[in-house]
Amino acid sequence: MVGSIAAIGAGLAVIGAGIGIGQVGGKAMEGIARQPEAASKIQTAMIIAAALVEGVALFGVVVALLGNNVGA
């Protein structure tokens, strides 16, 4: 039972990361379309934000999988 709960937690972390990176990428494309001369600054900020979202998702997956071993 604990394994399935950990799998659900890991899945939610991955879904959240996908939504977050999608939002970051979409808004960055909107910003570049509105102000093409700022494309390099927007792209840099987008990459940093995407990396942070991915890091949080990886942390969530690790915590969910480590929680699988608790009480076993």
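Rules behind the numbers
Residues numbered from 1 in each chain as written. Predicted model: local features only at pLDDT ≥ 70, side-chain atom pairs only at ≥ 80, totals over all residues. Heavy atoms only, no water. Helix = DSSP H or I, 4+ residues; strand = E, 2+ residues; numbered from the N terminus. Rg over C-alpha atoms; globule rule 2.2 N^0.38 Å. Buried < 20%, exposed > 50% of the residue type's maximum accessible area, 1.4 Å probe, protein only. Areas by Shrake-Rupley, 256 points an atom, 1.4 Å probe, with all protein chains shown as cover. Expected span 1.5 Å × (residues − 1). Patch = residues over 30% accessible without salt bridge, like charges linked within 9 Å, V, L, I, M, F, W, Y side chains within 5 Å. Salt bridge = Lys/Arg side-chain N within 4 Å of Asp/Glu carboxyl O. UniProt positions renumbered as here; feature names shortened; annotations may be inferred. Contact = heavy atoms within 4.5 Å.

### Some remarks on the overall build of the chain
Thought 1: Helix and strand counts for the chain stand at 2 helices and 0 strands.
Thought 2: The globule rule puts the C-alpha radius of gyration for 72 residues at 11 Å, and the 16 Å found for the chain is more than 25% above it.
Thought 3: A principal-axis box enclosing the C-alpha atoms of the chain has dimensions of 55 × 15 × 5 Å.
Thought 4: Residue burial in the chain is summarised as follows: out of 72 residues, 15% are buried.
Thought 5: For the chain, the accessible surface area stands at approximately 5,000 Å², while carbon and sulfur atoms represent 73% of it.

### Things to note about helix α2 (residues 39-67)
Thought 1: Counted at 1.5 Å a residue, the expected span for α2 with its 29 residues is 42 Å, and the 42 Å between its end C-alpha atoms agrees.
Thought 2: Considered for burial, the residues of α2 that qualify are A57, V61 and A64.

### Quick look at a nonpolar patch on the surface
Thought 1: Together, I8, L12, I15 and I19 make up a nonpolar patch on the protein surface, roughly 430 Å² of accessible area in all.
Thought 2: Take I8: it is sitting in helix α1 (residues 2-34).

### Brief notes about the UniProt feature "domain: V-ATPase proteolipid subunit C-like" (unreviewed entry) in the chain
Thought 1: Within the UniProt annotation, "domain: V-ATPase proteolipid subunit C-like" (unreviewed entry) is assigned to residues 6-66.
Thought 2: Strand forms 0% of residues 6-66 and helix 93%; the C-alpha atoms that close the span are 8 Å apart.

### A few points about the environment of G55
Thought 1: By secondary structure assignment, the location of G55 is in helix α2.
Thought 2: Accessibility expressed as a relative area gives 38% for G55, which makes it partly exposed.
Thought 3: The spatial distance from the C-alpha of G55 to the C-alpha of S40 is 23 Å, given a sequence separation of 15 residues.

### Some thoughts on the UniProt feature "transmembrane region" (unreviewed entry) in the chain
Thought 1: The feature "transmembrane region" (unreviewed entry), as given by UniProt, occupies residues 6-24 and 45-66 in the numbering adopted here.
Thought 2: The straight-line gap between the two end C-alpha atoms of residues 6-24 is 27 Å; of that span, 100% is helix and 0% is strand.
Thought 3: When the span residues 45-66 is considered, its composition is 100% helix and 0% strand, and the gap between its end C-alpha atoms is 32 Å.

### What to know about the environment of V24
Thought 1: Mapped onto the secondary structure, V24 falls in helix α1.
Thought 2: Each C-alpha atom of the pair V24 and M46 lies 6.4 Å from the other, and the pair is 22 residues apart in sequence.
Thought 3: If sequence neighbours within four positions are ignored, V24 has contacts with M46, A49 and A50.

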